[in-house]
Amino acid sequence: MPSENVVVEGFTVVPMKVDEKSHGSHYLYMKEHSVREANPCKPRDRTLFVLNIPPYCTEEVLQYMFSGCGQVQTVHLHNKPTSGPSAVNQSNFFPTAPLIQGYKVGYVVFKKASSVKKARSLPFDVPLIMQGKGAPTIKSGIEKWCSDYQADVLDRSTLQAEIDTYMAEYDRKVQEEMERAKASEGVPDDEGWVTVTRFGKNKAAPRTEAHEKAISGKEKRRRKEKELLNFYSFQIRQTKRDQIANLRQKFEEDKQRISLMKEARKFRPY
Amino acid sequence: MSSEEEMSDSGEDSDVSATVEDSDVDNSEAEMDSVGEEEEEEEQAEITTGKIEHDSRKRFLEPSIDLPEGVPASKVSRNNKGDLYRPPTNEELNELKETENLFHSTLFRLQITELLAEVIMKEKRRKRIEEAVEFLKTALLNLKPGKKYELTDRKLLTKLGVPVPMEMEPESDKGRFQFQPPSSVNVTGSFSAKICAKPAVSVDLVLSMPKECFDGMDHLNQRYLRKRAIYLAIVAKALRQKPEVTDVKVSYHNGNIGDHRPVTVHLYAVPETGTFKLSRFQLEKNNVRASWWEGQDGTDASELPTPFYNTSILEDISMTTEVPGLEKISGSQGLREGIILLKVWLSQRGLNKGYGSFSNHVMMMYVLYLLNQRKLNTLMSSYQVFRNTLLKFSESSWTDTGISLCTGSQDSNSPLVVDFHRHFDVVKHEASQAIAVLEDRHTDSFDKLFMKKVPFHFTFDHILHIDMSSDLDQMVRKLKVESRVADHGGSRLLACRSAILVLMEKALGQRVLLIQACPRVPPEWDVTEPPPPEDEASRLTVGLTLDPEFAFSAVEFREFWGSVCELRRFQDGAICEAVLWMQKAPVHAGIPANCVQYIGGQLNSMLCLPVTMSNEPNTLPFGTGDEQSADLMKAYDDVCKKLRQLTDLPLTINSVQGVSPCFRFTEVFPPLPCTFRHTEERSLEHGMKRYVPTPDKPCPLYTHILKVVCTLEGSGKWPDDLVAMKRLKAAFHLQLGDAIHTTFNLPTRPSVNYVDILKDNYVFRLVLAYTREISLLKSVYSSDGKLMKRDTEEALKLERETIALPRLTSILHGTTVRFAKRWVCGHMLGDHIHPMALELVVASLYLSPAPYTPPRSGLVGFLRFLDFLTTFDWKSSPLLVNLNNEFTDADLSEIPTKFSKERSNLPLMFISTPLDPYSQHWTKEVPSAAVLTRLVLLAAKSLAVLQRDLMQMEKQDLTVVFRPSLAIFNLVIHLNEKQLPRRLECLDVAMESDRVGYGKASDKERFPVTDFDPAQIFLNELKVSHVNHSRPESCEGDQFLLALNIEGVIEDIKLMGRGLVTAIEINHTKTS
């Protein structure tokens, strides 16, 4: 093994361990964050892009691990690499941001650009330690699950309040929309077009797939009713021929199935 | 020939009519060689079968690979469209018409043709056999007459030089015997009628023993049978001296000669016509004098009739009688093929072998009878012959009216042979089943009728073994069948058999449809050896098929069983009389109860929990959990009632339906009320009315959450926006919780997505559902603003939970599922297959049970489940589960078509139900091909073990079937038992001290720790975090090879499962 820094396909590989005593180690893959349209929360020169971060590794732990390379400003964790900031939940009760689970990717934003270079040149044979001196503790196992269970308490009044405000806002919006639609009913725009709304005398047909299907089906049925069958002798002949052709085709299909079965030796009873 | 003669063919067996069989009878060396070659060819063919199967397995593993047909049918038809419209020839038209008129369907016809081609003997081979038979005939006719012997001579047997295939006890009283060459040798039976069916091709040769061999009173006291035995022994000895005859074996009559040599020749020795007067063998006549049998003087007045003995001799006599109309059969192709189909059908069900069976000969005679009655005619197709015969059979009742082949029948003496009748009932039952299968247009009747084997223990709901080894004599006395023993030629087992069956029939009355003793194939042995002693130590295996209407209710039951029975409550709430077989019942009717092994009970221990009801002595212990289920259902009904009583809700609840498996009785271990004695395991949270787990204490026992879906009434006031709808629903949950709490004073715990309520120590989780939410989730706007409905992942999930599950819960139920689930979980595949998929598979066993009846006991259901898994071809056939018969005809034809067209896009395990015709709900993600293959393999192995063990008398350890093999895993993680809330459910908690007491609820106010299973959480965490475990391994130039980082994985597992994981075992053979 090379003792200095190891690079695989542009990524610097650095081992990391839970603590000094642990036997196995994980390998972090990292390089400079470089995208065309950089977001201000991840400045191009000061951000280190890290792959293969274990699920139990939190922002604080990462911050601790990379503090050796220089002061860390923030850490962003994602399921997949993105240039934008982490999604923030709008509500405590109705999560909108995706849950970050499993192995994840991280963006470590340093205070100084030189820290990124320092991190890039970390040696392969000195592992980073997650649970060293002064490190934030990792909660896992029974301890974590018990505390998760204990934390699962619903704050009823807050929830009720949140719902109430949201619904009031929603109702107001719907009301506004309706009033606007009502007001514009029958009023032509600049070019003279009139938009049909739900509130006028002649309601517009809904623009849905199901509705279109129903209309075209009706049309087909009507056409079929009008058609004369078995009127001309050529029609009669044709139906007979069709019948035989049908039988033949079925026969052919069956024969094919039989030959398949024969291949699978399905005709040996014992 | 009178009817009884015809019947006697299968009715008898007790006499030892020896048959000599030889094979490879060829008179030239060269021909022998060619036969050998043919055999070799066959073997090679066998090997290629194996290969093909192997290939298909491979294909099975790779679902993305296209189906083997390569060119789909539609494409072919398009290619030769002109061909389809060419003018039809007369022949073609005829054939198409014929198929339409005479057969079930084109496919069925083709299948039958293929089957017949496989089974019928080829002309070339037939010629060779004929030559061999001719040779044998001349050899037999040229035998030399022997010396005269006295039958009473003790040295007779040693003088003969060959062992006589019969027991000579007690000694013969008088008579002499001189060997004479047979007066004639004829070929009879299937070979002469050209209806031989492979693989057991046999030729029946009838040797007529000349009159000179017999004296006037030879029909008495087994003298005839003994003479016949000696005659055959001499013939066998003579044949052995011929170099061409390789193998001579002796067997009891009706035995199927099991070796698969090209030809077997059965020799039947029969007396020449006119030797005995037929009237001597009337059923009511006695031909075995008790005085001789018991070796003492008796008065003739008390002689009992010996029907078995009589019919067995009659059968011999009738063998030479020419049956009119046999040439009609050999002349008509349809009839011949029909009989062959019937033969295949019989032998797949094992009905034509063993004592008291419905042999091929009887079947042929029956067809002949129908032909004479003009129910069949010679122009019928094979399908019509098959169908009509079975139809007539299922309609007939031979117990009331006998049938006769004789046109001028004197007296249709209804046959009395009890055993035959029982067997007849079985055949009749099977026949009606077969007709039902034929009637059903939707099933693949061909496979079920002709290709599927129907073993004994799959057919019956319950199987009992009765140990006959002890007290056989005592049993004979108690059953009062002493006189019958003489009739059966001294076999006490056979004498008891029918008596026991009659007794059981009486005992079980209407509650059983069918009772059948397992037919035993008589042994065969080499001529040079003495006959094996009769297997008196063997057991009687009896199968019972229950009648669902009467099975669980009994009126006369109590009278019969007397004090043994007791009141038991079953899971459907019915209170019944039942005999608890597990208990030691007193000796009844000569059958000691501990000699009767009730196999079904053995598996039930799989469903037991080691739990005692310590505080309430009146409650029942956890048996198979049926009582617990009933208790739970009571609480559930109460909850439903209460929900409907709620008035102060803005919208009413339209329907309430439980969706947890326990509501359809399919939870492996029905949930117990959460009244643990071990309260110290949990901590009470301050200010909250609930218990919580803490890391420093052992994990509390698992409390199930019982999910109940409540559908709300429709209303125009719901918002059209999903986000707003979610918020409103949450508000609804809060309100529902409050309403229940204030109205009924029950503890509730509302949440955003559900409300938990604690009722009778069960935790119910109410989930509100609104159907419009699904349609909103499905709606997608196209680029031009058109609204479309598309199945999105989220919509499907919601649909599954709020529509599909409640409906399925109202349909499905059963114990079999519990066995099936336990088995799958036992093999650690529980996470890799959706439990609902298993439930649907089991449901299909009940809905289309052909060729059996629907299973009515858990064990037989489980056996069939395993059998289904091993035999069903998931790759090329869809499983249609026609719940409530909701599939229309159009569906039934459309689904298979679509299935075969889009096979590669559809789930591997394709289960179609009326709710979910394209298997989108339960089998889309799991199981994977590897898991399914493993499941099939495991099922085959488990089935083999079960089959072996079930037919054994001793109590077997059936848990083996449920034990996983850990050899295939790379890592085995050992968990801390104290932290497993479901520790009681494992296979090996037998220790009495481990039992956990359930008692009265001490605390009705506080919620227990619900749905908290560290092992499951741990597993889920591991599942989502197994992404990247590679590390750079070695350096070659500037290239790094990535390898599995085992140490890293172990470190991860240790950290993530802190407190739960005790040890990790590495399987080095796998990882290195």
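Given the structure is predicted, the values throughout are model-derived calculations rather than measurements.

**Notes on the interface of chain B and chain A**
Between chain B and chain A, the residue contacts involve 103 residues of the former and 74 residues of the latter. Interface area, chain B with chain A, both sides summed: about 7700 Å², of which 62% is carbon and sulfur. In this assembly, chain B and chain A are joined by five salt bridges. Between Asp738 of chain B and Arg156 of chain A there is a salt bridge whose closest N-O contact spans 2.8 Å. Between chain B and chain A we count 18 residue pairs in polar contact (both at pLDDT 80 or more) in total. Considering every element that reaches the side of chain B that touches chain A, the biggest residue donor is helix α26 (residues 722-744) of chain B, with nine residues. For the side of chain B that touches chain A, a count of residues per class yields 52 nonpolar, 20 polar and 31 charged.

**As for the packing of aromatic side chains**
All names here are of chain A. The final tally for this structure, using the stated rule, is 24 aromatic pairs over all chains. Measuring from centroid to centroid gives 6.3 Å for Phe11 and Phe49, while their planes differ by 50°, and the two rings are tilted. Note that Phe11 is positioned in strand β2 (residues 11-17) and Phe49 in strand β4 (residues 47-53), a separation of 38 residues in sequence. Here the two residues Phe11 and Phe49 agree in accessibility, since each one is buried.

**Focus on helix α7 (residues 123-141) of chain B**
Residues and elements named next belong to chain B. The end-to-end C-alpha distance of α7, which contains 19 residues, comes to 27 Å, matching closely the 27 Å that a straight helix rising 1.5 Å per residue would cover. Those residues of α7 that sit buried are Arg125, Arg126, Arg128, Ile129, Ala132, Val133, Leu136, Ala139 and Leu140. Considered in projection along α7, the buried side chains sweep an arc of 160° and stay on one side of the axis. The exposed residues of α7 that point more than 90 degrees off its buried face are Glu123, Lys124 and Lys127.

**Points about the pattern of salt bridges**
Residues and elements named next belong to chain B. On inspection of all chains with the given rule, the structure shows 22 salt bridges over all chains. Lys778 is paired through a salt bridge with Glu799; the nearest N and O atoms lie 3.3 Å apart. Placement of Lys778 in helix α27 (residues 771-778) and of Glu799 in helix α28 (residues 793-811) is noted, with a sequence separation of 21 residues between them. We note that Lys778, like Glu799, is buried. The salt bridge involving Lys821 is made with Glu839; its shortest N-O contact spans 2.8 Å. Of this pair, Lys821 sits in helix α29 (residues 816-826) while Glu839 sits in helix α30 (residues 835-847), and the two are 18 residues apart along the sequence. Just as Lys821 is buried, Glu839 falls in that class too.

**Some points on the UniProt feature "coiled-coil region" (unreviewed entry) in chain A**
Mapped onto this numbering, the UniProt entry gives "coiled-coil region" (unreviewed entry) at residues 237-264 of chain A. Annotation note: span residues 237-264 of chain A, helix share 96%, strand share 0%, distance between end C-alpha atoms 41 Å.

**Brief notes about the side chain of Thr913 of chain B**
Residues and elements named next belong to chain B. With respect to the helices and strands, Thr913 occurs in the loop between β26 (911-912) and α33 (929-950). A residue is classified by how much of its surface remains accessible, and Thr913, at 3% relative accessible area, is buried. With residues near it in sequence (within four places) discarded, Thr913 still touches Leu840, Val881, Leu883 and Phe887.

**Description of the sheet that holds strand β20 (residues 748-750) of chain B**
All names here are of chain B. Strand order in this open sheet of five strands is β16-β19-β22-β21-β20, and the pairing throughout is mixed. Because the sheet does not close on itself, it has two edges, and the strands there are β16 (653-658) and β20. The sheet shows a mean angle of 25° between the axes of neighbouring strands, direction not considered. One ladder, built from seven bridges, connects strand β19 (residues 705-712) with strand β22 (residues 762-769); its direction is parallel. What sits directly across from Ile705, in β22, is Val763.

What counts, and at which threshold
Residue positions within a chain follow its written sequence, with the count starting from 1. A letter from A marks each chain and a number from 1 marks each ligand, given out in the order of writing. Note on the predicted model: pLDDT of at least 70 is required for a residue's local features to be given, and 80 or more for side-chain atom pairs to be given and counted; whole-chain, interface and lining totals, by contrast, use all residues. Neither water nor hydrogens contribute to the side-chain values; these are computed over all heavy atoms in the structure. Any two residues whose heavy atoms approach within 4.5 Å at even a single point are treated as in contact. As used here, buried area is the combined drop in accessible area, with a 1.4 Å probe, of two parts when they are placed together. Think of a salt bridge as a Lys or Arg side-chain nitrogen and an Asp or Glu carboxyl oxygen that are within 4 Å of each other. Contacts described as polar in this section are N or O atom pairs within 3.5 Å, which, within protein, must combine one atom able to donate a hydrogen with one able to accept it, while residues neighboring in sequence count only if both atoms come from side chains. Working definition: helices are DSSP H or I runs of at least four residues, strands are E runs of at least two. Numbering for both runs from the N terminus. Residues are sorted three ways: Asp, Glu, Lys and Arg are charged, Ala, Val, Leu, Ile, Met, Phe, Trp, Tyr, Cys and Pro are nonpolar, and all the rest, Gly among them, are polar. Two rings from Phe, Tyr or Trp (for Trp, the six-membered ring) form a pair when their centres sit within 6.5 Å of each other. Planes less than 30 degrees apart are called stacked, planes more than 60 degrees apart edge-to-face, and all others tilted. Relative accessibility decides the category of a residue: with a 1.4 Å probe and only protein chains considered, values under 20% of the type maximum give buried, values over 50% give exposed, and everything between is partly exposed. A helix's residues, less one, multiplied by 1.5 Å, set its expected span. What the arc describes is the spread of directions from the helix axis to the C-beta atoms. UniProt positions are given in the numbering used here, feature names are shortened, and annotations may be inferred rather than shown by experiment. Note on pairing: DSSP must find at least two bridges between two strands before they are called paired. The axes are straight lines fitted to the C-alpha atoms, using for helices just the contacting stretch, and the angles between their N-to-C directions are given from 0 to 180°.

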